[in-house]
Amino acid sequence: MLSIALLLLVQTTTVNPSVQNVVNYLAGEMNTTAQARENPKIAEVQMTTCEVSFPNSESSVYLYQEQALLNKLNQPYRQRFLEIKPGTDDRSIESKSYKPRNAGNFINFCKRSLTERQVRPSDLGEYVCTVILTPIEGGYKGETPPAGCPATARGAVRITNTIILRPDGMDTSDRGYDANGRQVWGAGENFYQFRRGNR
């Protein structure tokens, strides 16, 4: 029987290079501290993302991601599993997000070693949305489908998301819309700016 370490090595050697690039951009800790210092209306939030071990992942890489206020890191307000996989064309990468089942079991999951970050298909929980990423100069730009994704959060029936990934971090813009197409929450024209190493 192959050891976990050897299985992970085999998976790594077969991952699409563009998928691995996106994983590298996402993995680690980023926060909005620098932006919050310039704009008091912006909360200080940390986004933490790490790779997890998932059975039979084939061409996909699975990540766990959580967001929490910097002064409440043990109480994340958003937790997701991400499946990063090749898109339907040669240039695009898909990021499919899932809301974890039994989310409380995964708080601070990234503090565990990779061999302890075992995730089963049943852990993925509810599918949330897909972001399509394409290369841009110095990184990737990702967007939800034009119609957005279904939602039942804070009065919204659909959500849209745009992200920009670069080596120093991520810019993201989540927006929720009601049944009349009116934006009811989320970013305005500006993006939330998550940066590495700001603390």
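Residues numbered from 1 in each chain as written. Predicted model: local features only at pLDDT ≥ 70, side-chain atom pairs only at ≥ 80, totals over all residues. Heavy atoms only, no water.

Structural notes on the environment of Tyr 64
Turning to step 1, where the next piece is worked out: Tracing the chain through its elements places Tyr 64 in strand 3 (residues 61–69).
Turning to step 2, where the next piece is worked out: Since its relative accessible area comes to 0%, Tyr 64 is described here as buried.
Turning to step 3, where the next piece is worked out: Taking the C-alpha atoms as reference points, Tyr 64 and Ile 107, 43 residues apart in sequence, are found 10.0 Å from one another.
Turning to step 4, where the next piece is worked out: If we ignore the near neighbours within four places in the chain, the residues touching Tyr 64 are Thr 48, Thr 49, Cys 50, Val 52, Gln 79, Arg 80, Phe 81, Phe 106, Ile 107, Phe 109 and Cys 110.
Turning to step 5, where the next piece is worked out: Here Glu 66 takes part through its side chain, which lies 2.5 Å from a polar atom of the side chain of Tyr 64. (Helix = DSSP H or I, 4+ residues; strand = E, 2+ residues; numbered from the N terminus. Buried < 20%, exposed > 50% of the residue type's maximum accessible area, 1.4 Å probe, protein only. Contact = heavy atoms within 4.5 Å. Polar contact = N/O pair within 3.5 Å; in protein donor to acceptor, adjacent residues only side chain to side chain.)

Notes on the side chain of Glu 83
Turning to step 1, where the next piece is worked out: Position of Glu 83 relative to the elements: it lies in strand 4 (residues 78–86).
Turning to step 2, where the next piece is worked out: In this structure the side chain of Glu 83 is engaged in a polar contact, spanning 2.9 Å, whose partner is the side chain of Ser 60.
Turning to step 3, where the next piece is worked out: In terms of polar contacts, Glu 83 uses its side chain to reach the side chain of Tyr 98, at 3.2 Å.
Turning to step 4, where the next piece is worked out: Setting aside residues no more than four positions away along its own chain, Glu 83 makes contact with Ser 60, Val 61, Tyr 62, Glu 94, Ser 95, Lys 96 and Tyr 98.

Regarding the side chain of Gln 79
Turning to step 1, where the next piece is worked out: Among the secondary structure elements, Gln 79 is positioned in strand 4.
Turning to step 2, where the next piece is worked out: A relative accessible area of 11% places Gln 79 in the buried class.
Turning to step 3, where the next piece is worked out: There is a polar contact of 2.9 Å between the side chain of Gln 79 and the side chain of Tyr 64.
Turning to step 4, where the next piece is worked out: There is a polar contact of 2.8 Å between the side chain of Gln 79 and the backbone oxygen of Ala 103.

Topic: the pattern of salt bridges
Turning to step 1, where the next piece is worked out: All chains considered together, the criterion is met by five salt bridges.
Turning to step 2, where the next piece is worked out: Here Arg 120 makes a salt bridge to Asp 123, at a shortest N to O gap of 3.3 Å.
Turning to step 3, where the next piece is worked out: Take Arg 120: its relative accessible area is 54%, and that puts it in the exposed class.
Turning to step 4, where the next piece is worked out: According to the relative accessible area criterion, Asp 123 is buried, its value standing at 8%.
Turning to step 5, where the next piece is worked out: Residues Arg 195 and Asp 171 are paired through a salt bridge, measuring 2.8 Å at the closest nitrogen-oxygen approach. Residue Arg 195 is found in strand 12 (residues 192–195), and its partner Asp 171 is found in strand 10 (residues 169–177); the two are separated by 24 residues along the sequence. Take Arg 195 and Asp 171: they sit in the same class, and that class is buried.
Turning to step 6, where the next piece is worked out: Linked by salt bridges that have partners in common, Asp 168, Asp 171 and Arg 195 make up one network. (Salt bridge = Lys/Arg side-chain N within 4 Å of Asp/Glu carboxyl O.)

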